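Given next are the chains, with one letter for each unit.
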Amino acid sequence: MYPNLWEIGLDGMIGGNGSYVEDHGKVVMHQLITKEQCIHVVDWLHARGLEFYLESNSGLFASEKFEEVGEPAVRLYSSRKGKDGAQQLRVRDSF
């Protein structure tokens, strides 16, 4: 989490879609998936022609065509949020 978010007075957080919980600087829960589960998810997404990115403690990992295929979604989302220059955004600008 960005340090300035803690500065507003947060004392805990729930992240990773509920797989990580922290309270007053103490990790209460941190649930990981196995390598086999990750491979299964990636294979399932590839079989359906879906692009994706995986979020982990060590970084974000995009699928092969995520940058190209994800651009329209990033632009639409950003324009709906009122971001200036949304139609010129690239995936790399957002991630």
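Here, every reference points to the structure presented above.
Note that this is a predicted model, so its numbers are computed, not measured.

Caption draft 1: Focus on the pattern of salt bridges. Scanning the model with the defined rule gives three salt bridges in all. Of the charged contacts in the structure, one is a salt bridge between E67 and R92, with a shortest N-O distance of 2.5 Å. Separated by 25 residues along the polypeptide, E67 in helix α3 (residues 66–80) and R92 in helix α4 (residues 91–94) bring together distant segments of the chain. Among the residues examined, E67 registers a relative accessible area of 34% and is labelled partly exposed. Residue R92 is classed as exposed on the basis of its relative accessible area, which comes to 59%.

Caption draft 2: Representation of the pairing of strand β5 (residues 59–62) within the structure. Sheet topology note: the strand β4 (residues 53–56)/β5 ladder contains four bridges and is antiparallel. Bridge assignment links L54 to a residue of β5, and that residue is F61. Taking the residues that link successive antiparallel strands as the turn, the β4-β5 hairpin has two residues.

Cut-offs applied
- Residues numbered from 1 in each chain as written.
- Predicted model: local features only at pLDDT ≥ 70, side-chain atom pairs only at ≥ 80, totals over all residues.
- Heavy atoms only, no water.
- Salt bridge = Lys/Arg side-chain N within 4 Å of Asp/Glu carboxyl O.
- Helix = DSSP H or I, 4+ residues; strand = E, 2+ residues; numbered from the N terminus.
- Buried < 20%, exposed > 50% of the residue type's maximum accessible area, 1.4 Å probe, protein only.
- Pairing = 2+ DSSP bridges.

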